[in-house]
Amino acid sequence: MIKKVESKEKMKIQTVINGKSYEKEVEPRKLFSDFLREDVGLTGTHVGCEHGVCGACTVLMDGKAVRSCLMFAVQADGTKIETVEGLVNNKTGRSLKAAFSEHHALQCGFCTPGILMSSVEFLNENPQPEKQEIKEMLSGHLCRCTGYTGIVEAVQQTTDGNSK
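Procedures and definitions
- Residues numbered from 1 in each chain as written.
- Predicted model: local features only at pLDDT ≥ 70, side-chain atom pairs only at ≥ 80, totals over all residues.
- Heavy atoms only, no water.
- Buried < 20%, exposed > 50% of the residue type's maximum accessible area, 1.4 Å probe, protein only.
- Helix = DSSP H or I, 4+ residues; strand = E, 2+ residues; numbered from the N terminus.
- Contact = heavy atoms within 4.5 Å.
- Core = buried A, V, L, I, M, F, W, Y, C linked by side-chain atoms within 4.5 Å.
- Salt bridge = Lys/Arg side-chain N within 4 Å of Asp/Glu carboxyl O.

**Digging into unusual backbone geometry**
Here is step 1: Backbone geometry places Asn18, a non-glycine residue, at a positive phi of 50°.
Here is step 2: According to the relative accessible area criterion, Asn18 is partly exposed, its value standing at 23%.
Here is step 3: The backbone phi angle of His104 is positive, close to 55°, even though this residue is not glycine.
Here is step 4: For His104, the position within the fold is in the loop between α2 (91-102) and α3 (112-125).

**Some thoughts on the side chain of Thr159**
Here is step 1: Structurally, Thr159 is set in helix α5 (residues 149-159).
Here is step 2: Look past the residues within four positions of Thr159 in its chain and what remains in contact with it is Leu123, Pro127, Gln128 and Pro129.

**Focus on the nonpolar core**
Here is step 1: Counting residues in each nonpolar core, the largest one holds 22 residues, and the members touching the most others are Leu96, Phe100, Leu138 and Ile151.
Here is step 2: Of all the elements in the fold, those that place two or more residues in this core are α2, α3, α4 (131-138) and α5.
Here is step 3: Sort the elements by how many residues they give to this core and α3 lands first, with six residues.
Here is step 4: Sequence-distant contacts of Leu96, that is, excluding residues within four places in its chain, are made with Leu116, Ser119, Val120, Leu123, Val155 and Thr158.
Here is step 5: One finds Ile17, Phe32, Phe35 and Val40 within the second-largest nonpolar core, a separate group that totals 15 residues.

**Some details on the environment of Ala105**
Here is step 1: Positionally, Ala105 belongs in the loop between α2 and α3.
Here is step 2: Those residues within four positions of Ala105 in sequence are excluded, and the remaining contacts are Phe100, Thr112, Thr146, Gly150, Ile151 and Ala154.

**Overview of the pattern of salt bridges**
Here is step 1: Enumeration over the complete set of coordinates arrives at five salt bridges.
Here is step 2: The salt bridge involving Lys12 is made with Glu23; its shortest N-O contact spans 3.3 Å. In this pair, Lys12 sits in strand β1 (residues 11-17) while Glu23 sits in strand β2 (residues 20-26), placing the two residues 11 residues apart along the sequence.
Here is step 3: Under the relative-accessibility criterion, Glu23 is labelled partly exposed at 46%.
Here is step 4: The partner of Asp39 in a salt bridge is Lys30, and the shortest N-O contact between them spans 2.8 Å.
Here is step 5: Connected via shared salt-bridge partners are Lys30, Glu38 and Asp39.

Structure representation (structure tokens):
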């Protein structure tokens, strides 16, 4: 039987997530993805591979896409985080979500939060990308349902300003 070792030493972190301030005490070894899900209650960030390969855990940290399963919660101290739940307050995020729905780019939805977050950062940096650039951005995400066609079309529609 494997015995779970509990650390008695905790560290205080302060961060802003989706516009709301949080101050929590966490174990230094707690993964940021677990912090979001367990301590903050934001379960839209999914954990797939726990190796940073699948991209399902992607969030924006100070505007940059990061894999939350590859970092510790203490590394988020003093940062501004946006998760998929925060996209309701983000114009690009709202447009992407509508386009994903229209192009059937959701399927099972497990990978969708991470893809949306990477797409928001991508479009903020490159508002008029070529189709190949969209495909390259998506190469950092694994989706087993859609074949990526609908996802590429949804991102392309958002860049064209045609999303409702």
